[in-house]
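Structural overview for review
Read off the chains here:
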Amino acid sequence: MKIMSANSNLPLARAIAAYLELPLTDVSVRRFADEEIFVEIHENVRGEDVFVLQSTCYPANDNLMELLICIDALKRASARRITAVVPYFGYARQDRKPGPRTPISAKLVANLITVAGADRVLSVDLHAGQIQGFFDIPTDNLYAAPVMAADIQARFGGHELMVVSPDVGGVVRARALAKRLDNAPLAIVDKRREKPGESEVMNIIGDVSGRFCVLIDDIVDSGGTLCNAAEALKQAGAVDVAAYITHGVLSGNAVSRVDNSGLTELVITDSIEATEAVKNSQRIRQLPMAPLLGEAIRRIADESSVSSLFD
């Protein structure tokens, strides 16, 4: 078994390699003067079971191309099996046609990864479970919920907890976390805009008065919805609000928005490498995913059960 990484999240790749007590494969991923990507593997991978790690986060297109070219290089170097480990799967929010003449980009990316030569895909908290069906190769979708639940119990176990979904679409995810927190009660933030140009109205489904609320979601991008939901929960009587989000995309001025919000803290995983703004934030904290990903990689290599990680 070999662990190889492109450039999107080298700290996570090193942590996974350390967990597995393996060195990272010696590889160069560099650019020509015109920004074309060139990959060169400096050791023999013939007949090896290779796991290539790359989150397709910002810059999404560059990181996606790095992943595809790494897979192609491994295929041409006669690797026995290639597993694309994509902790954050970019383009996942484009998983359906929201209107006429629009693409389903998540399916396109799945096709690209498959045609490049990947034999298997490993990801974390895909935006929609059905994306697994976009691949014609085996796909494992890991869940950050056990890692989050352990952290919530350790830090906030003494509070009257209530798990909150920031929208109706995230109820299944919120219910799964609530079950791990000794069947904590569940609330939902129902947001709607009555007319174009008017601000969103946040309705809270559930009694959050006197509760420590934990917002749970898979992606935080601009942070607007999350911060508005935290404010609405506090106005409804919540004692405090913390947010646990798997993928901290945090585009634009999202970090400053979180720092100035009603959130006690925002907890994200290291599926995306932290920017300087995230590292310097007093309200944003990262949870390590290397043990979960490393154990899943070990089990795939050993042909043992991955799903039992979540029993």
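Up top you'll find the structure we're talking about.
Thresholds, definitions, all that
- Residues numbered from 1 in each chain as written.
- Predicted model: local features only at pLDDT ≥ 70, side-chain atom pairs only at ≥ 80, totals over all residues.
- Heavy atoms only, no water.
- Core = buried A, V, L, I, M, F, W, Y, C linked by side-chain atoms within 4.5 Å.
- Buried < 20%, exposed > 50% of the residue type's maximum accessible area, 1.4 Å probe, protein only.
- Helix = DSSP H or I, 4+ residues; strand = E, 2+ residues; numbered from the N terminus.
- Pairing = 2+ DSSP bridges.
- Axes fitted to C-alpha atoms, helices over the stretch in contact; angles between N-to-C directions.
- Contact = heavy atoms within 4.5 Å.
- Right-handed = clockwise from strand over helix to strand, strands pointing away.

1. Re the nonpolar core
- Judged by nonpolar contacts, the single largest core of 39 residues is most densely connected at L142, Y244 and L293.
- Among the elements that make up this core, the one with the highest residue count is helix α9 (residues 290–302) (six residues).
- Among the nonpolar cores identified, the runner-up in size contains 34 residues, and M4, V27, V109 and A116 belong to it.

2. Some points on the sheet that holds strand β6 (residues 120–124)
- Spatially, β1-β4-β5-β6-β7 is the arrangement adopted by the five strands of the open sheet, whose pairing is parallel. Either end of the sheet is taken by a strand with one partner, and the two such strands are β1 (2–5) and β7 (139–142). Along the sheet, successive strands turn relative to each other by an average axial angle of 20°, direction set aside.
- In this structure, β1 lies alongside strand β4 (residues 49–53), joined through four bridges in parallel fashion. Bridging across to β4, I3 finds its partner in F51.
- Where helix α2 (residues 60–76) meets the sheet, it contacts β1, β4 and β5 (81–86), and its direction lies at approximately 165° from that of β5.

3. As for the side chain of S281
- Checked against the element boundaries, S281 lands in the loop between α8 (276–280) and β14 (284–287).
- Take S281: its relative accessible area is 8%, and that puts it in the buried class.
- In this structure, S281 is in contact with V255 and D259, ignoring residues within four places of it in sequence.

4. Looking at the pairing of β4
- Most of β4 is tucked away: five of the five residues are buried.
- By the alternation rule, side chains of β4 split into D49, F51 and L53 and V50 and V52, which are all buried.
- Alignment of β4 against β5, held across five bridges, turns out to be parallel. Within β5, the residue paired with D49 across the bridge is R81.
- Following the chain from β4 across α2 to the adjacent parallel β5, one finds a crossover that is right-handed.

5. Notes on unusual backbone geometry
- Of note, the amide linkage connecting Y58 to P59 takes the cis form, showing an omega dihedral of -10°.
- Topologically, P59 is positioned in the loop between β4 and α2.
- A positive phi angle is found at E35, which is not glycine, with a value near 75°.
- A positive phi angle, near 50°, is found at L250, a position not held by glycine.
- With respect to the helices and strands, L250 occurs in the loop between β12 (240–248) and α7 (254–259).

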